Amino acid sequence: MEDRRAQLINCALALADRGGMSAVTVRGVAEEAKVSLGVVHYCFDDKEQLVAAMIEKVVAEQLEALLGSVPTGNLGTGREALREWIQEALIAVWRRASEFPNRWLLMLESMLFSLRQPTESASAGQAEMQNEIAEKYGHAYLREIGDRCEMRWDVSERVLVRSALQTLFGTVQWWLVDRDDDAALASLAQIAGWIAASATPR
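Procedures and definitions
- Each chain carries its own residue numbering, running from 1 in the written order of its sequence.
- Reporting of local features is limited, given that this is a predicted model, to residues whose pLDDT is at least 70; pairs of side-chain atoms are given and counted only at 80 or more, and all residues count toward the totals for whole chains, interfaces and linings.
- Side-chain metrics in this entry use all non-hydrogen atoms of the structure; hydrogen atoms and water are not considered.
- UniProt positions are given in the numbering used here, feature names are shortened, and annotations may be inferred rather than shown by experiment.
- Put simply, DSSP marks the helices as runs of H or I at least four residues long and the strands as runs of E at least two long, and each gets a number from the N terminus on.
- Each reported salt bridge corresponds to a side-chain nitrogen of Lys or Arg within 4 Å of a carboxyl oxygen of Asp or Glu.
- Only protein chains enter the accessibility calculation, which uses a 1.4 Å probe; a residue whose area is less than 20% of its type maximum is buried, one above 50% is exposed, and one in between is partly exposed.
- Between 30 and 60 degrees the pair is tilted, below 30 it is stacked and above 60 it is edge-to-face, where a pair is any two Phe, Tyr or Trp rings, Trp via its six-membered ring, whose centres lie within 6.5 Å.
- Only buried Ala, Val, Leu, Ile, Met, Phe, Trp, Tyr and Cys residues count toward a nonpolar core, and they belong to the same one when joined by side-chain atoms within 4.5 Å.
- Throughout the structure description, domain borders are defined by an automatic or database domain assignment.

**Side note on the UniProt feature "domain: HTH tetR-type" (unreviewed entry) in the chain**
Thought 1: The positions that UniProt labels "domain: HTH tetR-type" (unreviewed entry) are, in the present scheme, residues 2-62.
Thought 2: Taken end to end, residues 2-62 is 80% helix and 0% strand, and its first and last C-alpha atoms sit 21 Å apart.

**As for unusual backbone geometry**
Thought 1: Phi at K34 takes a positive value of approximately 60 degrees, unusual for a residue other than glycine.
Thought 2: Checked against the element boundaries, K34 lands in the loop between helix 2 (26-33) and helix 3 (37-43).
Thought 3: Despite not being glycine, E150 shows a phi value in the positive range, around 60 degrees.
Thought 4: Mapping E150 onto the fold places it in the loop between helix 7 (126-148) and strand 1 (151-153).

**Quick notes on the pattern of salt bridges**
Thought 1: All told, the structure shown has 9 salt bridges when counted by the stated rule.
Thought 2: Salt-bridge contacts for R103 lead to D17; the nearest nitrogen and oxygen are separated by 3.1 Å. Pair noted here: R103 is in helix 6 (residues 101-115) and D17 is in helix 1 (residues 2-19), with a separation of 86 residues, a long-range link.
Thought 3: Judged by its relative accessible area of 17%, R103 falls in the buried class.

**Overview of the packing of aromatic side chains**
Thought 1: Enumeration according to the criterion identifies 2 aromatic pairs in this entry.
Thought 2: Relative to W175, the ring of W94 lies with its centre 6.2 Å away and its plane at 90 degrees, an arrangement referred to as edge-to-face. Here W175 lies in helix 8 (residues 157-178) and W94 lies in helix 5 (residues 79-99), a separation of 81 residues in the sequence.
Thought 3: Taking relative accessible area as the criterion, W94 reaches 2% and is therefore assigned buried.

**Things to note about the nonpolar core**
Looking at soluble globular proteins, one finds that nonpolar side chains tend to be buried together.
Thought 1: Formed by 64 residues in total, the largest nonpolar core has its most connected members in V29, M54, L82, I86 and W153.
Thought 2: Composition of this core by domain shows at least three residues from each of domain 1 (1-44) and domain 2 (47-201).

Following this line, the structure appears as structure tokens:
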């Protein structure tokens with residue numbers, strides 16, 4: 001069951017990569033996966049549930065770059081070490097978005113679609129779900145990197161995570177428009193410096 005669900009999610013993502021959210025239909029996913037409509041309906045109650053699973057995977061893929069950027073060796077301690085590793089993490093997220101821009105566009109499409117739905121719709125909660133996943137990964141990263149660099153955060157971690165992610169996402173979305181790598185990297189360096197300035201040695 002889980003293997004089949006994963007296959008259908010990947011097929012839905014392939015459709016979305018080629019044609020955006022509007023290309024994702026239950027029939028289209030069945031054809032892409034070379035299975036019957038019944039198989040898709042067995043794994044997902046409806047298209048909204050399938051789309052929610054797609055988006056959860058895309059958000060997790062993007063943000064795993066944060067946790068994956070933490071090295072296994074000694075990071076060094078202090079604010080400068082903290083700044084360097086935060087900058088590396090931000091660059092890792094941006095690089096993944098720049099390599100797979102259609103996946104980032106899919107997240108944006110999904111959020112806009114969710115925000116336009118009536119509150120009783122199953123899709124209405126997708127935007128909130130995206131933010132919750134992003135906050136979870138961001139919080140895990142800041143806690144890990146702060147501990148490893150022997151720094152403590154001087155402001156609420158939740159406020160810091162939200163502000164950092166909002167700025168990071170804005171940088172990626174700006175890059176999607178102008179495709180200016182140097183400008184994106186300069187912005188990420190600025191963000192890293194600001195986040196590191198919000199911590200002091202323990």
